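Structural overview for review
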Amino acid sequence: MKNIYIFDEYLSSKQNGVGSYMRQLLNCLVGLKDTRLNVVYFNYDESKEFCILTHNGITYYCFPPLADKYFFNYAPVYSSILKLHIKDSRENLFMVNHSPCEKILRSLKRNFPHSKFTFAIHDQGWAAPLNGDREALRKLITQKRLPIANREKLKFIRDYYHEEKRMYRLVDAVICLTEEFREFVHEFYDVPKEKLYAICNAWQQRTSNCTQTRNELRRKLGLYENEKIIVFTGRQHPVKGLYQLFQAFENVYQKERNIRLVIIGKNPNVEEYTKLMPMALSRVIFTGYIKQSDIVDWYRAADIGILPSYNEQCSYSGIEMLMLGMLVISTDSQGLTDMFHDNENALVAKIGNRKDDKEFIASLTETILKALSLPQEKAEELSANAKKYAQEKYSLSQMREKYIALIEDIYKQ
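Throughout what follows, the structure given in this document is the object of discussion. Worth saying up front: this structure is predicted, and the values here are computed from it rather than measured.

Take the packing of aromatic side chains next. The relation between two aromatic rings is expressed through the spacing of the ring centres and the mutual angle of the planes. This structure, assessed with the given rule, holds 30 aromatic pairs. Taking 5.2 Å as the distance between ring centres and 20 degrees as the angle between the ring planes, the aromatic pair formed by Tyr5 and Phe94 counts as stacked. Note that Tyr5 is positioned in strand β1 (residues 2-9) and Phe94 in strand β5 (residues 92-96), a separation of 89 residues in sequence. With relative accessibility at 6%, the residue Tyr5 sits in the buried group. Phe94 sits in the buried class, given a relative accessible area of 0%. With centroids separated by 5.7 Å and ring planes inclined at 10 degrees, the aromatic side chains of Tyr41 and Tyr44 adopt a geometry described as stacked. By relative accessible area, which is 12% here, Tyr41 ends up buried. Residue class for Tyr44 comes out buried when judged on its relative accessible area of 10%.

Dropping the structure here:
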């Protein structure tokens, strides 16, 4: 009997793409023949003490939050507790999803030396501080001496990179979310290709309780029927390109007044954001965090979905926009070029020089204006292509097949 243990940091996953990934992964693996499915939660805030729960045939090992939330600093404690309840065996597969996790991996491997391990890359420590600039990373990891300016920041990035490299060496397989990213990890982290698996995220349609028409939805959401609505969904982080989006939106507003920008997600920097669009501010809605089941209504009410990111890893928001046949504006960043192809299933803005965002803001402004004036026939063509592409590449059945193949490979080792 195979025993699969999926590790997750519960608090953060409730509000980011890893949570969506966990739901789809469990959907893929539940019911596998001769397999027991388990989940290990760190920072499980629905209990004040360690507990073991069973629900729908899945066993959950739940560790409550610690005062500082940095659970990876207590790796020996966690792994020792798990050892009391889990017998080490070659039939065990531990699937880890949180980064950084070198301490967790080393401690688990000491306590479970016969078990197998995989690690799924959802993000990397260099991507946000370097705005996804791979050439800047290449230069940083080959430099013998760091410049005095930003030395602490650069040292943090380089140390994080080396920890990631050690993490990938500790496991039996590394999961990448795109083929292009698999090549990147092979080249930059020196991971053997046979150890790397490219498995895209899958999309399972969120249900909406609303059966209203688009115009009825708009009235319900407080939008005018004739407005051009642009929707962004995601973490409010500089790597998501929000500062550049707001400046581009301010530029667009000078030429097209009948527009509205909707920002879905927590908004920790609203005051700072508003300074970037003094004229267009009245045309922006910050929804804050809303239920996942409601997001689809905003998508259906919108004209354009936008992902202005500098770096992504198989974006769930992007997949959902494609599947719904939205007109999407994306960038040519790492992680989005596999998903969006200019004038085929989306419109793509070029980031250009990552050290000076003027070029990116200009390209984003131009691309938004192009989307707003796109002939209906071309918009319908992009919409049809988007749906077809998503259905072919991001189906749950395809994700399931690839994970089953990965698991079979692991157990053969």
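Once that is clear, we can look at the nonpolar core. One finds Phe7, Leu82, Ile104, Tyr168, Val185 and Tyr189 to be the most contacted residues of the largest nonpolar core, which totals 44 residues. Here the element with the most residues in this core is helix α6 (residues 151-170); it accounts for 6 residues. When sequence neighbours within four positions are dropped, the list of residues in contact with Tyr189 reads Gln124, Trp126, Tyr161, Glu164, Lys165, Tyr168 and Phe184.

A separate point is the environment of Lys220. Topologically, Lys220 is positioned in helix α8 (residues 214-221). Residue classification places Lys220 among the partly exposed residues on the basis of a relative accessible area of 48%. Here the alpha-carbon distance between Lys220 and Ala301, two residues 81 residues apart in the chain, equals 9.8 Å.

The next thing to look at is the state of the cysteines. Under the criterion given, the structure shown has 0 disulfides. Unpaired in this structure, Cys28 has its nearest cysteine sulfur neighbour in Cys200, at a distance of 12 Å. Its relative accessible area of 0% is what places Cys28 among the buried residues. This cysteine, Cys62, is not joined by any disulfide, and Cys51 carries the nearest cysteine sulfur, 4.4 Å off.

Taken together, 6 strands build an open sheet; the order of strands is β11-β10-β9-β12-β13-β14 and the sheet is parallel. Strands at the two margins of the open sheet, each flanked by one partner only, are β11 (284-288) and β14 (347-349). Across the sheet, the mean angle separating the axes of adjacent strands is 20 degrees when strand polarity is ignored. Bridge count for strand β9 (residues 228-233) against strand β12 (residues 304-306) is 2 bridges, and the pairing is parallel. Within β12, the residue paired with Ile230 across the bridge is Ile304. Helix α9 (residues 242-253) rests against β9, β10 (259-264), β11 and β12 of the sheet, and its axis sits at about 165 degrees to β10.

Taken together, 8 strands build an open sheet; the order of strands is β3-β4-β2-β1-β5-β6-β7-β8 and the sheet is mixed. Here the strands that pair on one side only, and so sit at the sheet edges, are β3 (51-55) and β8 (196-198). In this sheet, adjacent strand axes meet at a mean angle of 20 degrees when their direction is disregarded. Here β1 runs beside β5; their pairing, made up of 4 bridges, is parallel. From the neighbouring strand, Asn3 faces β5, where its bridge partner is Asn92. Sitting on the sheet, helix α2 (residues 17-29) touches β1, β2 (35-42), β4 (58-62), β5 and β6 (116-120), and the angle it makes with β1 is about 165 degrees.

Counted as a void, the second largest pocket has a volume near 480 Å³. Contributing to the lining of the second largest pocket are 18 residues, with Arg214, Ala302, Asp303, Leu327 and Ala379 lying nearest its centre. Elements represented by at least two residues in the lining of the second largest pocket include exactly α11 (292-301), α13 (358-372) and α14 (376-393). In terms of residue count, α14 provides more of the lining of the second largest pocket than any other element does, 4 residues in total. Partitioning the lining of the second largest pocket into residue classes produces 10 nonpolar, 3 polar and 5 charged.

On to unusual backbone geometry, then. Here the residue pair Ser99 and Pro100 is connected by a cis peptide bond, since its omega of 0 degrees sits within 30 degrees of zero. Looking at where Pro100 falls in the secondary structure, it is placed in the loop between β5 and α4 (102-111). Of note, Asn56 is a non-glycine position whose phi angle comes to about 50 degrees, a positive value. Inspection of the secondary structure puts Asn56 in the loop between β3 and β4. In this structure Asn56 comes out as exposed when scored by relative accessible area, which is 63%.

Calculation rules
- Residues numbered from 1 in each chain as written.
- Predicted model: local features only at pLDDT ≥ 70, side-chain atom pairs only at ≥ 80, totals over all residues.
- Heavy atoms only, no water.
- Phe/Tyr/Trp six-rings, centres within 6.5 Å; stacked < 30°, edge-to-face > 60°.
- Helix = DSSP H or I, 4+ residues; strand = E, 2+ residues; numbered from the N terminus.
- Buried < 20%, exposed > 50% of the residue type's maximum accessible area, 1.4 Å probe, protein only.
- Core = buried A, V, L, I, M, F, W, Y, C linked by side-chain atoms within 4.5 Å.
- Contact = heavy atoms within 4.5 Å.
- Disulfide = S-S within 2.5 Å.
- Pairing = 2+ DSSP bridges.
- Axes fitted to C-alpha atoms, helices over the stretch in contact; angles between N-to-C directions.
- 1 Å grid on protein atoms, 1.4 Å probe; cavity = no way out; pocket = protein on both sides within 12 Å on 5 of 7 lines; lining within 4 Å.
- Points joined across faces, edges and corners; volume = space filled by probe spheres on them.
- Nonpolar A, V, L, I, M, F, W, Y, C, P; charged D, E, K, R; others polar.

Note that every value here comes from positions in space, so none of it alone points to a role or purpose.
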